[in-house]
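One-letter residues, chain by chain:
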Amino acid sequence: MAEVALTFPNLKLLLLSATTEPMLLDALSKSYRCLCSLSSDTPLLELACRLLLQNQLFLNDNPPQLDFTVVDTTLTSLNYKYRLSSQVLDYPLPSSPTPLSLSPLYKSNVRAFDDALSISSFEHLKSTFSIDSSYWSSHNYNDGSSPDATPSPYFSYVVDVAELDETTDATLLAIKELFCKCSRDVTSAIAGASQIEFWAHKRPHSSGHQFHFDSDNEGCGGEEPKHPIASAVLYLTGEQVGGPTLVTPQRPNSRKCASEGWLVFPKTNRLSCFDGSVLHGVVPGKGVAAGGLRITLMFAFWKEDIRVRVNEGGKFCAAMKWPPPDLPTKKSSAESESESESTSTEALPIQINQIFQDIDATRNKKEGHSLRRVGVVPYEQIFQF
């Protein structure tokens, strides 16, 4: 019987359900055959390429041995000239026996802390944004777990820093604690923020977030994009679920693409904080699919006020006023208010020394498009995932 033609939803389902190594090998073998079959389904080809690129180390230790030139050939046919490097997509794990050396300059780019918040603050946020929380259903949030579903777009909330001293809202008191920690332990510039924007995501292990610069309303509106003083990520779920956050030193006005970056892996109550104007993203989780979802809270600390927007017609948007009307707020108890601050420890990121690479270095050099010569390359010419 002839094999049923692979489709994008089918391959995505294989990836989401690959909870064992044999299931992952099956998904990778079908991805490889898909590339060799000269399919014209672009989303399918891109997903197949990503799966193979993210699991080269795994395939090196497990048969069958595959010819990876078919990946480069496919990406070139899709008009890509560059891609995220193998160090990024097939990232080293925290348990790697040979991690790359960490430059002392990392502290000027990204900081990370374990046990970042007090137990009561963290447990409140973990409960408020848990998998089954009404927060997600009240926002019609789609986490992308279904093979036919598109993850929900970005929406966020904003609060004035001045309100934090008067609030009894447990969520805002937890945010105040996080704000004070970042101001004290990362950079005092954060203390000059007038507003804090925050948003949440929950995603499957294999879901990533395209590389981007944080900006007000994602840079929409025709004006020059504004960037926050700093951005932060609080990981509400533990290890083994989802890929790492990658922070680079590349800025919108950089003349060259970043050549190095730092990976911060998910861990319960871990906080990462970095310059709000640098390029960053989330690498999709690789390997066998872990159970559960990767749940994170993101923060942007704004020096200049951003416009508070209104949810019109059920369309959630950037910078809405907290709290949401359908989400019950919890007042902080006297016990939690008197609890001492957490005793956090610094967590070291993992440094990587190549962010982007040429897909066909010989061809790019011949055509004058070598990554080493072109500076910052057009976004649409880079294959991410």
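Residues numbered from 1 in each chain as written. Predicted model: local features only at pLDDT ≥ 70, side-chain atom pairs only at ≥ 80, totals over all residues. Heavy atoms only, no water.

J.: Just to check I follow, could you spell out the side chain of serine 215 for this structure?
T.: Tracing the chain through its elements places serine 215 in the loop between β5 (209-212) and β6 (230-235). Taking the relative accessible area as the measure of exposure, serine 215 reaches 12% and is therefore buried. Each residue touching serine 215, except ones within four places of it in the same chain, is listed here: Pro225, Lys226, His227 and Trp302. (Helix = DSSP H or I, 4+ residues; strand = E, 2+ residues; numbered from the N terminus. Buried < 20%, exposed > 50% of the residue type's maximum accessible area, 1.4 Å probe, protein only. Contact = heavy atoms within 4.5 Å.)

J.: What is the right way to look at the pattern of salt bridges in this model?
T.: In a structure, side chains of opposite charge can pair up when their charged atoms sit close to one another. Tallied over the full model, the rule gives 12 salt bridges. Of the charged contacts in the structure, one is a salt bridge between aspartate 26 and lysine 30, with a shortest N-O distance of 3.5 Å. Here the residue aspartate 26 and the residue lysine 30 both occupy positions in helix α2 (residues 21-36), the gap between them amounting to 4 residues, near one helical turn. Here aspartate 90 makes a salt bridge to lysine 286, at a shortest N to O gap of 2.9 Å. Here lysine 286 lies in the loop between β10 (280-282) and β11 (294-302) and aspartate 90 lies in the loop between α6 (86-89) and β2 (110-114), a separation of 196 residues in the sequence. Judged by its relative accessible area of 7%, aspartate 90 is buried. (Salt bridge = Lys/Arg side-chain N within 4 Å of Asp/Glu carboxyl O.)

J.: Teacher, can you tell me more about the state of the cysteines here?
T.: By definition, a disulfide links two cysteine residues through a covalent bond between their sulfur atoms. Tallying each qualifying case throughout the model produces 0 disulfides. The thiol sulfur of cysteine 36 is not disulfide-bonded, and the nearest other cysteine sulfur, from cysteine 34, lies at 9.0 Å. On the basis of relative accessible area, cysteine 36 is assigned to the partly exposed category, the value being 43%. (Disulfide = S-S within 2.5 Å.)

J.: Any chance you could explain the pairing of strand β4 (residues 195-203) here in plain terms?
T.: Each regular strand displays side chains that alternate between the two surfaces of the sheet. Burial analysis of β4 places 9 of its 9 residues in the buried class, the great majority of the element. Pairing of strand β3 (residues 157-160) with β4 involves 4 bridges; the strand directions are antiparallel. Paired with valine 159 across the bridge in β4 is isoleucine 196. For β4 and β11, the ladder comprises 9 bridges, and the chain directions are antiparallel. Note that in β11 the partner of histidine 201 across the bridge is threonine 296. (Pairing = 2+ DSSP bridges.)

J.: Is there a simple way to explain the side chain of serine 370 in this structure?
T.: Mapped onto the fold, serine 370 is located in the loop between α11 (361-366) and α12 (371-374). Assessed through its relative accessible area of 11%, serine 370 is described here as buried. With near-sequence residues (within four places) excluded, serine 370 lies in contact with Asp358, Asn364 and Lys365.

J.: Can you walk me through the packing of aromatic side chains in this structure?
T.: Aromatic ring pairs are described here by two measures, namely the spacing of the ring centres and the angle between the planes. With the rule as written, the count across this model stands at 14 aromatic pairs. On the basis of an interplanar angle of 75° and a centroid distance of 6.4 Å, the ring pair of tyrosine 141 and phenylalanine 155 is categorised as edge-to-face. Of this pair, tyrosine 141 sits in the loop between α8 (134-138) and β3 while phenylalanine 155 sits in the loop between α8 and β3, placing them 14 residues apart in sequence. Taking the relative accessible area as the measure of exposure, phenylalanine 155 reaches 6% and is therefore buried. (Phe/Tyr/Trp six-rings, centres within 6.5 Å; stacked < 30°, edge-to-face > 60°.)

J.: Would you take a moment to explain the sheet that holds β3 for this structure?
T.: Backbone hydrogen bonds are what pair the strands of a sheet, in a parallel or an antiparallel way. Within the open sheet, the 8 strands sit side by side as β12-β3-β4-β11-β6-β9-β2-β13. Their pairing is mixed. Each of the sheet's edge strands pairs with one partner strand only, and the pair in question is β12 (320-321) and β13 (345-346). Both β2 and strand β9 (residues 270-275) contribute to a ladder of 4 bridges, which runs antiparallel. For phenylalanine 113, the partnering residue across the bridge sits in β9 and is leucine 271. Of the strands in this sheet, β2, β3, β4, β6, β9 and β11 touch helix α9 (residues 170-185), which is tilted by about 65° from β11. (Axes fitted to C-alpha atoms, helices over the stretch in contact; angles between N-to-C directions.)

J.: What is the right way to read the environment of arginine 372 from this model?
T.: Position of arginine 372 relative to the elements: it lies in helix α12. Considered as a pair, arginine 372 and aspartate 358 are 14 residues apart in the sequence and their alpha carbons are 9.1 Å apart.

J.: I'm lost on the packing of helix α3 (residues 42-54) against helix α5 (residues 69-77) in this one. Help?
T.: The angle between the axes and the distance between the axes are what describe a pair of packed helices. Close contact between α3 and α5 brings their axes to 10 Å; oriented N to C, the two are set at 145°. Between α3 and α5 the crossing geometry is left-handed. Residue-level contacts link Leu45, Cys49, Leu52 and Leu53 of α3 to Val71, Thr74 and Leu75 of α5. (Left-handed = near helix turned anticlockwise from the far one by under 90°.)

J.: What should I look at first to understand the packing of α2 against α5 in this one?
T.: Where α2 meets α5, the closest approach of the two axes is 10 Å, and the angle between their N-to-C directions is 55°. Taken as axis vectors, α2 and α5 run oblique relative to one another. Considering only the axes of α2 and α5, their crossing is left-handed. Counted together, Tyr32, Leu35 and Cys36 of α2 and Val70, Val71 and Thr74 of α5 form the full contact between these two elements. (Parallel < 35°, antiparallel > 145°, perpendicular 65-115°, else oblique.)

J.: Mind showing me how you'd approach unusual backbone geometry here?
T.: In this structure, proline 323 follows tryptophan 322 across a cis peptide bond, with omega equal to 5°. Take proline 323: it is sitting in the loop between β12 and α10 (334-338). Residue asparagine 269 is not a glycine yet carries a positive backbone phi of 65°. For asparagine 269, the position within the fold is in the loop between β8 (261-264) and β9. Phi at alanine 319 is positive, roughly 60°, even though this residue is not glycine.

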